[in-house]
Amino acid sequence: MRRALDLALAGLAALAAFVAIGILVGLVAVIARRGAPAVTWTFLTEQIRLVGAAGGIFWNVVGTLILLVAALAVCLPLAVAVALTERVWLRGARARRLVRTALYTLNGVPTIVLGIFGFIVLVQGCGWGKSWLAGGLVLGLGMLPTVAVALIERLHAIPAKYMEAAAALGLRQSQIVWAVLLPQARGGLLTGALLALARAAGETAPIMFTATIFAGATLPHGVKDSPVLALPYHIFILAQDSFDPAVGAKLWGAALVLLGIVFSLSLAALPSRLRAHEEAH
Amino acid sequence: MKPLPGLLAALLATSLAFAETLKINGSTTVNLPVAEAAEILRAEQKLDIQVDTQGGSSGGVSMLGDGLVQVGMTSKPVSDDDRAKYPAVKFREIHIGEDAVALIVSKDVWDGGVRALTKQQARDIYESKITNWKDVGGKDQRIAFFNKEPGRGTWEVFAHYLYGSPKAAPQVSFPEVGGNEETRTKVGSTRGALSQLSSSWADGKKVFALALKLDDGSVVEPTEANIASHKYPLSRPLFVLTNGEPAGSAKTLVDFLLGERGQELVKKHGYLRLKDLAN
Amino acid sequence: MTRAASWFFSLLALAAFVLLAVIFAWQSGPVWRAEGAGYLTGAKWFFRQHEFGARPMIYGSLAVSVIALALSAPVGFGAAIFTAEYLPRRPRLAVKVLIELLAGVPSVVYGLLGILLLRDWIYTLCARFDPLSGDTLLTAGVLLAVMILPTIVTFSDDALRAVPAAQRRAARSLGLTRAETILTVALPQAARGFGAALLLAFGRALGETIAVFLVVGRRDNFAPANWLSPRALLEAGQTITSKLGSSETNLAYGDPRHWAAITGLALVLLAISGSVTVLGAVFGRKADA
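Parameters and conventions
Residues numbered from 1 in each chain as written. Chains lettered and ligands numbered in written order. Predicted model: local features only at pLDDT ≥ 70, side-chain atom pairs only at ≥ 80, totals over all residues. Contact = placed C-beta atoms within 7 Å. Helix = DSSP H or I, 4+ residues; strand = E, 2+ residues; numbered from the N terminus. Nonpolar A, V, L, I, M, F, W, Y, C, P; charged D, E, K, R; others polar. Buried ≥ 20, exposed ≤ 12 C-beta atoms within 10 Å, placed from the backbone. Pairing = 2+ DSSP bridges. Axes fitted to C-alpha atoms, helices over the stretch in contact; angles between N-to-C directions. Parallel < 35°, antiparallel > 145°, perpendicular 65-115°, else oblique. Left-handed = near helix turned anticlockwise from the far one by under 90°.

Chemist: Hey, could you go over the interface of chain C and chain A for me, with residue numbers and the actual values?
Modeler: Size of an interface: often given as the accessible area lost when the parts come together. With 68 residues of chain C at the contact, the number on the chain A side is 69 residues. If you tally residues by element for the side of chain C that touches chain A, the top one is helix α1 (residues 2-27) of chain C, at 14 residues. Class assignment of the residues belonging to the side of chain C that touches chain A gives a composition of 44 nonpolar, 20 polar and four charged.

Chemist: Before we move on, can you summarise unusual backbone geometry with the specific residues and values?
Modeler: All names here are of chain C. Even without a glycine there, the phi angle at H50 is positive, about 60°. Examined against the element boundaries, H50 turns out to sit in the loop between α3 (38-41) and α4 (55-86). Classification of H50 by C-beta neighbours within 10 Å gives partly exposed; the count is 13. Residues other than glycine seldom take positive phi values, yet N221 does so here, at roughly 60°.

Chemist: Describe the sheet that holds strand β10 (residues 211-213) of chain B, listing the residues and the values that go with them.
Modeler: Residue and element names in this part refer to chain B. Reading across the sheet, the three strands line up as β5-β10-β11 and stay open at both edges, with mixed pairing between neighbours. Every interior strand has two partners, whereas the edge strands, β5 (116-118) and β11 (219-220), have only one. In terms of strand pairing, β5 meets β10 through three bridges, oriented parallel. Following the sheet pairing, A116 is matched in β10 by A211.

Chemist: Provide a residue-level description of the pairing of strand β12 (residues 235-243) of chain B, including the pertinent values.
Modeler: All names here are of chain B. The element β12 is extensively covered by neighbouring structure, given that nine of its nine residues are classed as buried. Pairing geometry for strand β3 (residues 71-74) and β12, over four bridges, is antiparallel. Following the sheet pairing, T74 is matched in β12 by F239. As judged from the nine bridges shared by strand β4 (residues 91-106) and β12, these two strands associate in the antiparallel manner. Its bridge partner being in β12, D99 is matched across the sheet by R236.

Chemist: Quick one: what's the story with the environment of B:E181, residue by residue and with numbers?
Modeler: All names here are of chain B. Locating E181 in the fold gives a position in helix α8 (residues 180-189). For E181, a count of 21 C-beta atoms within 10 Å translates into the label buried. Separated by 152 residues in sequence, E181 and T29 place their C-alpha atoms 9.9 Å apart.

Chemist: Could you give an account of the packing of helix α3 (residues 58-89) of chain A against helix α8 (residues 173-201) of chain A, with specific residues and numbers?
Modeler: Residues and elements named next belong to chain A. Running from N to C, α3 and α8 cross one another at 140°; their axes reach a closest spacing of 9 Å. Classified by the interaxial angle, the pair formed by α3 and α8 is oblique. Relative to α8, the crossing made by α3 is right-handed. Across from T64, L68, A71, L72, C75, L84 and V88 in α3, the residues of α8 making contact are Q173, V177, A193, A196, L197, A200 and A201. When the residues that make up the contact of α3 with α8 are grouped by side-chain class, the tally is twelve nonpolar, two polar and no charged.

Chemist: Outline the packing of helix α5 (residues 89-102) of chain C against helix α7 (residues 137-161) of chain C, supporting the account with residue identities and numerical values.
Modeler: Residue and element names in this part refer to chain C. Put simply, α5 and α7 touch, their axes get as near as 9 Å, and they point 145° apart. The handedness of the crossing between α5 and α7 comes out as left-handed. Together, K96, I99, E100 and L102 of α5 and P150, V153, T154 and D157 of α7 make up the contact between the two elements. Of the residues contributing to the contact of α5 with α7, the split by class is four nonpolar, one polar and three charged.

Take a look at the structure:
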């Protein structure tokens, strides 16, 4: 009887795991199979023609990269500041917990809300019109909790004796931060940034009201009225508005490329994460 | 929070290379010939043109009114309400072609014998007074009506025909479809489906365009001849809109669209050219 | 200097988010003034008539999220038990990495799969119940279930691993089978973490826009008399996020009352998903160091 339960639980758990992995791997396989034929060198280096039926996605990829760089530039100073505030400048467990809870909560802000927020304040309020920078700001805000939390956890893992030793040597707090803490926590910052970027690369909702159009943009000029193209939005529009057979394979190809970008960013964070995992155990 | 200096420098360098950017927004119907025209002009004359289709025809009007774009695309005339909302804007409608709205059905409905509807029947379906195809001569199948998104020119032409004005249309709640392609796909893959679609998109393979039974009893199909002669009542003009007379890149685009090559694009995408129209 | 800069940027970040809440509260003012609580309980949304009721959309959002949780929780918990309790360290890490990688699949890609595959599957599978089309609340719920699965697996796995190995060893040495150890030692202690995982996944499901927009049907004013009715799930519906992501948002901008209704929806969404997320964070709070 007990043995039966033992086997049953093991079996069910294994089944659940296989179903979970199976579904997730399966959907990537579907995308890869349908999209691979379309991803050629020309696809990646040409621009859209005939409303998606011909040409490639070059400027969409470029646009996505521009948005990511801008988002990172916005997010890093803020995330480092918040992490330092929580770890170094704030005393008291209560205050620190408050900051962390706030970060987890902010992580749950739906991205569509961020997008509309950017639309109200930047596109309309500041009169920027659709702008790559507006997209970058909104994406950066969305990335903030992930990066800040990753950095906080990494800082947390630095043994207290490093800081004590540095203090004993006469270093000021700010010197300790720049000479000891941040260099040691570089891995956490990198990990958090890459993971957050992976998520941001695939986001459509924050950029569709603030930064992106369907066709015609190449490189932005200035800040106002400078939209970019972006892969997720491209896929979103074509998914609704085009099942022309000519577009079909290209649509899957674009999805595959986007997946490739997202996975590359996630995988790039892997060595650092594994190292942190090893150290923690 | 400022971008890296290197990026700024690159941006400045590229910005010097670009002339005034022509921004266009509006109807997905008009988008097809205009987007292709934009591609040609971009390639041949190095014009910087951005095309988007946010919000359909209404988006075209509102973004032109708000000054966010220089050219709007619409498949319906600018209404008095629109003019009142933007008193400072001189809406100039430039007619580039003609299209018609058809009521399309899925294959099973077409094969079931429904080939035409009267205005009253259409109204009753829209108001959910008729909910089964058998009540209009078809098989016993629930009517799956997909309504066009608000703001779509296609919807406004439909509402205008049934009720005289979009504002007089009753409020209904049906599942929504957005652009032309989405409509065609959904109707093609759903049993008993009915929706409004640009007639040139009804391919007669997946979706089929119904004829309209007029008050005098005649049955008018949405053929090119009937649309050109305005016998088919659900025709609609395709416009590009500008604020005042078009100038600069906008004028180049408009001249192209009205010229031989532009009109060929209009025809290529299934619409009627200006010279095809009866008057 | 560093301290000042840290505080400055931290407060800047905080200010941005506070501004977000304030802006939505402010911009939605007109609709609250005009309809008050009726905005939340009203069942009709007819924007041309300036009649705004959010209830059907609240129902839609809750319905698809609950479906998602119901479908993915058993699979997710089971998979987490497998990775945390049965797999040796290396394979467990590999599986965790794989699942987290897959967590990054963008929602627009899920939407694509939903349109091109899931929609037809549901339409054919449920043909017996005569759904109007393949775009239903159920379709959106199933899609969401797959999307939140990695979240549930990851957090549940973490919760189980947080239970000290020593306790498991002690239980085994007392003669308990593996299953009994899991059920009586590990799971009860991880229950809080499992709860947090569910709450966080729920929050994510509530806030998902693009994938839901593409397959939910986008039909306004649909809410069954009985919110618990299962047949209603096979109808096309509307969620708060699918309305916000639609063309109506662009359309609404010029009209203060309409715009207020839209931002009101965003505010409601913020409130609901915000509370769920806070609860999840508080629930899963690790001991402070």
